[in-house]
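# Examining the three-dimensional arrangement
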Amino acid sequence: MVNHQTIGQSTTHLSAEDLAALRRHLQEQRLFRQEQLLQLAGPVTSRAEDRLQRQAAAQIEVRVKLTASARMVLADVEAALRRMDDGSYGTCHLCRRPVDRERLMIVPQCRYCVRCQQVRRAVP
């Protein structure tokens, strides 16, 4: 997809081609996360030796964190696909304004415009 916009030019309109490309990207992410979760659910091998047990424990910790992260991203991707289906995709969940096209092209599963995302991060 060729973008002839200049830097600093902000648009909120998503063309049919943009939506199709974003949908493909989200579907690819969904498949990747589903496969990742299947691989992470597999057994962890460990030996009786202390060193190998520590390595296995570290692997389990990494798997748990990766699994949690993959599940969160998968949920965000699936929610974005549902928003595409119901026509609410590209609208900020807080201010209800359109999310900039550039933001959606970078993070297609985002729920918030840049301003609202910054507000959400600032609130503890």
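Residues numbered from 1 in each chain as written. Predicted model: local features only at pLDDT ≥ 70, side-chain atom pairs only at ≥ 80, totals over all residues. Heavy atoms only, no water.

What follows is about the overall build of the protein chain. Helix and strand counts for the protein chain come out as four helices and zero strands. Burial statistics for the protein chain: of 124 residues in total, 28% are counted as buried. Within the protein chain, residue pairs in contact and separated by at least 24 positions form 60% of the contacts whose partners lie at least 6 positions apart. (Helix = DSSP H or I, 4+ residues; strand = E, 2+ residues; numbered from the N terminus. Buried < 20%, exposed > 50% of the residue type's maximum accessible area, 1.4 Å probe, protein only. Contact = heavy atoms within 4.5 Å.)

Before going further, it helps to examine the state of the cysteines. Using the criterion set out here, one finds zero disulfides in the structure. Cys-110 carries a free sulfur, and the closest cysteine sulfur to it, the one in Cys-92, is 8.7 Å from it. Take Cys-113: it sits in no disulfide, and the sulfur closest to it among the cysteines is that of Cys-116, at 3.6 Å. (Disulfide = S-S within 2.5 Å.)

Next up on the list: the pattern of salt bridges. Here the structure, examined in full by the defined rule, presents four salt bridges. The salt bridge involving Lys-65 is made with Glu-61; its shortest N-O contact spans 3.3 Å. Of the two residues, Lys-65 and Glu-61 are both situated in helix α2 (residues 50-86); the distance of four residues between them amounts to about one turn of the helix. Overall, the relative accessible area of 56% leaves Lys-65 in the exposed class. Overall, Glu-61 belongs to the partly exposed group, its relative accessible area being 45%. Notably, a salt bridge pairs Asp-76 with Arg-111, separated by 3.4 Å at the nearest N-O pair. Residue Asp-76 is found in helix α2, and its partner Arg-111 is found in the loop between α3 (101-106) and α4 (114-122); the two are separated by 35 residues along the sequence. A relative accessible area of 29% places Asp-76 in the partly exposed class. (Salt bridge = Lys/Arg side-chain N within 4 Å of Asp/Glu carboxyl O.)

Here the focus is the side chain of Gln-117. Residue placement: Gln-117 occurs in helix α4. Not counting residues up to four positions away in its chain, the partners in contact with Gln-117 are Arg-103 and Tyr-112.

A few words on the side chain of Ser-15. Mapped onto the secondary structure, Ser-15 falls in the segment before α1 (16-40). A polar contact is formed between the side chain of Ser-15 and the side chain of Glu-17, at a distance of 3.2 Å. A polar contact of 3.0 Å, which involves the side chain of Ser-15, links it to the backbone nitrogen of Asp-18. (Polar contact = N/O pair within 3.5 Å; in protein donor to acceptor, adjacent residues only side chain to side chain.)

Further remarks concern the nonpolar core. Within the largest apolar cluster, 16 residues are counted, with the highest numbers of intra-cluster contacts made by Leu-22, Leu-26, Met-84, Tyr-89, Cys-92 and Leu-104. Put simply, the parts of the chain that give this core at least two residues each are α1 and α2. Here this core takes five residues from α2, the largest share from any one element. Excluding residues within four positions of it along the chain, Cys-92 makes contact with Arg-97, Val-99, Arg-111, Tyr-112, Cys-113 and Cys-116. (Core = buried A, V, L, I, M, F, W, Y, C linked by side-chain atoms within 4.5 Å.)

The next thing to look at is the environment of Cys-116. Mapped onto the fold, Cys-116 is located in helix α4. Beyond its immediate sequence surroundings of up to four residues, Cys-116 is in contact with Cys-92, Leu-94 and Cys-95.

Within the protein chain, residue pLDDT values average 85, and 83% of them lie at 70 or more. Mean pLDDT across the elements of the protein chain bottoms out in α2 (89) and peaks in α3 (95). (pLDDT = per-residue confidence, 0-100.)

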